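# Descriptive analysis of the structure
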Amino acid sequence: MDLRHPRILSQSSPRRQRSRLRLLLPGRVTLAALLGAALLSMLSPGNAHAEFTVCNQTLDVVNLAVGQKVDNADQTDGWWTIGANQCVNVIREELTNRYIYLYATDVFGHAILNGSTEMCIDRRRFSIRGIEECWQRGHIAARFVEVDTLEQVRWTYFLTGSSP
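Here is a short report on the structure shown in this document.

What counts as what
- Residues numbered from 1 in each chain as written.
- Predicted model: local features only at pLDDT ≥ 70, side-chain atom pairs only at ≥ 80, totals over all residues.
- Heavy atoms only, no water.
- Pairing = 2+ DSSP bridges.
- Helix = DSSP H or I, 4+ residues; strand = E, 2+ residues; numbered from the N terminus.
- Axes fitted to C-alpha atoms, helices over the stretch in contact; angles between N-to-C directions.
- Buried < 20%, exposed > 50% of the residue type's maximum accessible area, 1.4 Å probe, protein only.
- Contact = heavy atoms within 4.5 Å.
- Disulfide = S-S within 2.5 Å.
- Patch = residues over 30% accessible without salt bridge, like charges linked within 9 Å, V, L, I, M, F, W, Y side chains within 5 Å.
- Areas by Shrake-Rupley, 256 points an atom, 1.4 Å probe, with all protein chains shown as cover.
- Salt bridge = Lys/Arg side-chain N within 4 Å of Asp/Glu carboxyl O.
- Core = buried A, V, L, I, M, F, W, Y, C linked by side-chain atoms within 4.5 Å.

## Re the sheet that holds strand β4 (residues 86-91)
If you walk across this open sheet you meet the three strands as β4-β1-β9, and the pairing is mixed. Single-partner strands in this sheet number two, and they are β4 and β9 (155-159). Mean inter-strand twist for the sheet, computed between neighbouring axes without regard to direction, equals 25°. When strand β1 (residues 52-56) meets β9, the two strands line up parallel, connected through five bridges. Residue pairing across strands places Thr53 opposite Thr156, the latter belonging to β9.

## Quick notes on the environment of Gly130
Assignment of secondary structure puts Gly130 in the loop between β7 (126-129) and β8 (140-148). Taking relative accessible area as the criterion, Gly130 reaches 13% and is therefore assigned buried. A sequence separation of 54 residues divides Gly130 from Thr76, and the C-alpha atoms of the two residues are 7.9 Å apart. Those residues in contact with Gly130, other than ones at most four positions away along the chain, are Asp74, Cys120 and Arg137.

## Focus: the state of the cysteines
Counted by the stated rule, this structure contains two disulfides. With its sulfur 2.0 Å from that of its partner, Cys55 forms a disulfide with Cys87. Between Cys55 and Cys87 the sulfur-sulfur dihedral comes to about 110°; the bridge is accordingly right-handed. Of this pair, Cys55 sits in strand β1 while Cys87 sits in strand β4, placing them 32 residues apart in sequence. Each sulfur in the disulfide pair Cys120 and Cys134 lies 1.9 Å from the other. The S-S bond linking Cys120 to Cys134 shows a torsion near -90°; that makes this disulfide left-handed. You can see Cys120 sitting in strand β6 (residues 117-121) and its partner Cys134 sitting in the loop between β7 and β8, a full 14 residues away along the chain. Accessibility assignment for this pair places Cys120 and Cys134 in one class, buried. Taken N- to C-terminal, the disulfide-bonded cysteines of the chain are connected 1-2, 3-4.

## Describing the sheet that holds strand β3 (residues 73-82)
The sheet built from six strands is open, its strands ordered β6-β8-β5-β2-β3-β7 with antiparallel pairing. Every interior strand has two partners, whereas the edge strands, β6 and β7, have only one. Between one strand axis and the next, the sheet turns by 35° as a mean value, whatever way the strands run. With five bridges connecting them, β6 and β8 associate as antiparallel partners. Directly across from Met119, in β8, lies its bridge partner Ala142.

## Let's talk about a nonpolar patch on the surface
Together, Val61, Val107 and Phe108 line one region of the surface with nonpolar side chains, adding up to about 310 Å² of accessible area. Its location among the elements puts Val107 in the loop between β5 (99-105) and β6.

## As for the nonpolar core
Core analysis: the biggest nonpolar cluster contains 18 residues, and Phe52, Val54, Leu64, Val90, Leu102 and Tyr157 have the highest contact counts within it. Only β1, β2 (62-70), β4, β5, β8 and β9 provide two or more residues apiece to this core. Apart from the residues lying within four places of it in its own chain, the contact partners of Phe52 are Val88, Asn89, Val90, Ile91, Leu95, Ile100, Leu102, Val147, Thr149, Trp155 and Tyr157. Trp79, Cys120, Ile140 and Phe144 belong to the second largest nonpolar core, which has 13 residues in total.

Structural data, given as structure tokens:
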């Protein structure tokens, strides 16, 4: 060891730093290449992207039903259970409807969204075509909130404690 040029013990030589980096990044992979690959994988068209997501920003678990036009007929589907501070993808393909309808309850079945559009739901998992005569057809009538997606192909709705 050459005492004429003392090294600070906490600093490594550039050669030692490069060898440590090679252990972490084998071959000639650079940080820019890794970041580029990560960005490309997020933007590639082959990946499935959620097109309508609901995020529960309340402190309670929420049960969610969704209404929309499917093949020119009104349809409601449910239930999605969304934990506190969690998000769920409820429509996985690009949106073709400007308006999506949401109905949410707490774990006791009490409505937590006050909507004005009456649609049909059931107590258990369901997919119901049509929104007319819910009671007569053996379903429950519920008031859904209308969400205007402004004709976007992707939309995220944030459910808060003060939602309309």
